[in-house]
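# Observations on the model geometry
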Amino acid sequence: MEYDEKGFIKIEVKNLIDWKEANGEGCLASNKITKEGWKVGYMYREKPDEGRPDSGWRFMKGDETEEYTNEVSNVNIFSINTICNYDPDIIKYLNLPIGTALIRVSEHEFEIDNKNKQIYFAKQEK
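Calculation notes
Residues numbered from 1 in each chain as written. Predicted model: local features only at pLDDT ≥ 70, side-chain atom pairs only at ≥ 80, totals over all residues. Heavy atoms only, no water. Core = buried A, V, L, I, M, F, W, Y, C linked by side-chain atoms within 4.5 Å. Buried < 20%, exposed > 50% of the residue type's maximum accessible area, 1.4 Å probe, protein only. Helix = DSSP H or I, 4+ residues; strand = E, 2+ residues; numbered from the N terminus. Contact = heavy atoms within 4.5 Å. Salt bridge = Lys/Arg side-chain N within 4 Å of Asp/Glu carboxyl O. Phe/Tyr/Trp six-rings, centres within 6.5 Å; stacked < 30°, edge-to-face > 60°. Lys NZ or Arg CZ within 6 Å of the ring centre and 35° of its normal.

## Some details on the nonpolar core
Residues Met 43, Trp 57, Phe 59, Ile 83, Ile 90 and Leu 94 are the most contacted members of the largest nonpolar core, which totals 21 residues. Elements represented by at least two residues in this core include exactly β1 (26–30), β3 (54–60) and α3 (80–86). No other element matches the four residues that α3 contributes to this core. Once residues within four sequence positions are removed from consideration, Met 43 is found in contact with Trp 57, Arg 58, Phe 59, Ile 90, Tyr 93, Leu 94, Thr 100, Ala 101, Leu 102 and Phe 110.

Following this line, the structure appears as C-alpha cells:
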C-alpha cells in the first residue's frame, strides 16, 4: 500500500454515492480504516453535530478502545464518499436512520448490532 504525507492509505476517490442528506456528507472514521487498511467492522449513525456538515455516520474497525477514540488524532473527518472508496460494502446501509448501529458479520455483509455476535474483521482489498 502507498501512503500520503499524513499517513493515510492512498486511494483513488471515485464518486460512488449521491448523498442528498440535508445536514451534509461529513463522517468520522478511525485510522484503523484509513491508515491501517481494515474494512469497516462497526458503523453507527448518531444525531449529526449541529452547525457542521455532518451526516452522523461513524465508521470504526470495531475493536477501538475508548482511550483510542478519545485521542483526536486517531479519528478524522471525511466525506462519506471517501470512506465508501475505502470500503464499498457500507454503501447499501447509508440511508438507515439515526440510531442505527451495524456490525460486519461476513466479508461483505452487515447486520444490526444486537450485541450477540462477534464482529467479522477483514482487511481492505487494495
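## A short note on the pattern of salt bridges
In total, this model carries twelve salt bridges according to the counting rule given. Close ionic contact of Lys 39 with Asp 89 constitutes a salt bridge, the shortest N to O distance being 3.1 Å. Of this pair, Lys 39 sits in the loop between α1 (31–34) and β2 (42–45) while Asp 89 sits in the loop between α3 and β5 (101–104); the two residues are 50 residues apart in sequence, bridging distant segments of the chain. As a salt-bridge pair, Arg 104 and Asp 89 come within 2.9 Å of each other at their nearest N and O atoms.

## So, the packing of aromatic side chains
Going through the model one piece at a time under the given rule, you end up with four aromatic pairs. Consider the rings of Tyr 42 and Tyr 44, whose centres lie 5.4 Å apart with planes at 35°: the pair is tilted. Summarising the aromatic geometry, the rings of Trp 57 and Phe 59 are spaced 5.8 Å apart at their centres and angled 15° between planes, so their arrangement reads as stacked. Each member of the pair Trp 57 and Phe 59 is classed as buried. Note that Lys 61 overlies the ring of Phe 121, its terminal NZ or CZ placed 4.8 Å from the centroid. The side chain of Lys 123 reaches across the aromatic face of Trp 38, ending 4.5 Å from its centre.

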